[in-house]
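# Observations on the model geometry
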Amino acid sequence: MLDFNTVYIMAYRQIKRFFRARSRVIGSILNPVMWLIFFGLGWSSLFKAPMAKTMFYGLDYMSYLAPGVLMMTIFMSSFIGGVTVIWDKEFGYLKEVLVAPVSRTASIIGRALGETLTAMLQGVAILIAVLLIAPLLNPLGAPLALAVGLLVALSFTSMGITIASRMKSMEGFHMLVNLIMLPLVFLSGAIYPIDNMPLWMKGIAYVNPLTYGVDLARWLLTGVSQMDPVFDLTLLLVLTAVMIAIASYAFNKATIE
């Protein structure tokens, strides 16, 4: 049986750690805002012609970009949250967790939930911003879009934890994460449609799990979707369950040298 007290304590610790790191809080908000300003407002001026809107399924560019930035914010924050595992390795806290008489599965689920909730707090802040900036977004779809963000955050937090459990240095983790993160963002349909990509790039985009979170969030906020929303949701649910199971397995096998 899952120890919910351990889950709560680990989740609370991750949230408290996030708010103590003020630079991380500020940076996590400013980064997506810069994407909205420099990509959204900048490129919107180039796509004002009616013919240009056909590339974005009848949407103005800002309304097309906004759901992508929302999912990108949640994804990047949750994925990079795995670095806290390496911090705990270096400062000795992870050793205490591993030898504690509590379930490792409960510990890792609590850690993942904590990082997920911090990512969702950032997602809420960005969602408020995009609702104010993008004229065609449907506010009624916002709660469900956040629910999609929760699945994205939980799955990529688990993925980040899995990778961090196998890494020995923060430098190596950041290098690997940056190598993975940017291609996933650009190949998710967040910034430009998958339909306009070269054929070989489309193949990569369709195996990118972030693609389905972006597509489902865009459908909820604008009514525009490149794929079947039911398929998007099903795949995200399966991915989340699989990634939590993999993270739990990796953490249960973790050792401190």
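Residues numbered from 1 in each chain as written. Predicted model: local features only at pLDDT ≥ 70, side-chain atom pairs only at ≥ 80, totals over all residues. Heavy atoms only, no water.

Our focus in this paragraph is the packing of aromatic side chains. If you walk through the whole model with that rule in mind, you get five aromatic pairs. Taking 6.2 Å as the distance between ring centres and 20° as the angle between the ring planes, the aromatic pair formed by Tyr8 and Tyr12 counts as stacked. Linking Tyr8 with Tyr12, this pair stays in helix H1 (residues 4-20), spanning four residues, or about one helical turn. With relative accessibility at 45%, the residue Tyr12 sits in the partly exposed group. Ring plane angle 75° and centroid distance 5.7 Å describe the contact between Tyr212 and Phe231, whose orientation is recorded as edge-to-face. Of this pair, Tyr212 sits in helix H11 (residues 209-222) while Phe231 sits in helix H12 (residues 229-252), and the two are 19 residues apart along the sequence. (Phe/Tyr/Trp six-rings, centres within 6.5 Å; stacked < 30°, edge-to-face > 60°. Helix = DSSP H or I, 4+ residues; strand = E, 2+ residues; numbered from the N terminus. Buried < 20%, exposed > 50% of the residue type's maximum accessible area, 1.4 Å probe, protein only.)

Time to look at the confidence of the model for the chain. Regions with low pLDDT should not have their predicted coordinates read in detail. Here the chain averages 82 in pLDDT, and 88% of its residues register 70 or above. Here helix H6 (residues 93-99) stands out as the element of the chain with the lowest mean pLDDT, 63, in contrast to H11, whose mean of 94 is the highest. (pLDDT = per-residue confidence, 0-100.)

For the rest of this paragraph, the subject is the nonpolar core. Counting residues in hydrophobic clusters, the biggest one holds 63 residues, and the most contacted among them are Met71, Phe75, Phe79, Phe156 and Phe173. Residues within four places of Phe156 in sequence aside, it is in contact with Phe75, Ser78, Phe79, Leu184, Pro209 and Leu210. By size, the runner-up hydrophobic cluster in this structure holds five residues, among which are Leu187, Met197, Met201 and Ala205. (Core = buried A, V, L, I, M, F, W, Y, C linked by side-chain atoms within 4.5 Å. Contact = heavy atoms within 4.5 Å.)

A few words now on the packing of helix H4 (residues 61-80) against helix H7 (residues 104-133). Running from amino to carboxyl end, H4 crosses H7 at an angle of 165°, the nearest separation of the two axes being 9 Å. Taken together, the axes of H4 and H7 are roughly antiparallel relative to one another. With respect to the hand of their crossing, H4 and H7 are arranged in right-handed fashion. Together, Met62, Ala66, Val69, Leu70, Thr73, Ile74, Ser77 and Ser78 of H4 and Ala119, Met120, Gln122, Gly123, Ile126, Leu127, Val130 and Ile133 of H7 make up the contact between the two elements. When its residues are assigned to classes, the contact of H4 with H7 shows 11 nonpolar, five polar and no charged. (Axes fitted to C-alpha atoms, helices over the stretch in contact; angles between N-to-C directions. Parallel < 35°, antiparallel > 145°, perpendicular 65-115°, else oblique. Left-handed = near helix turned anticlockwise from the far one by under 90°. Nonpolar A, V, L, I, M, F, W, Y, C, P; charged D, E, K, R; others polar.)

It is worth spelling out the environment of Trp219 at this point. Locating Trp219 in the fold gives a position in helix H11. A relative accessible area of 37% places Trp219 in the partly exposed class. Separated by 78 residues in sequence, Trp219 and Gly141 have C-alpha atoms that sit 8.7 Å apart.

The topology assignment puts Ser158 in helix H8 (residues 142-166). Among the residues examined, Ser158 registers a relative accessible area of 2% and is labelled buried.

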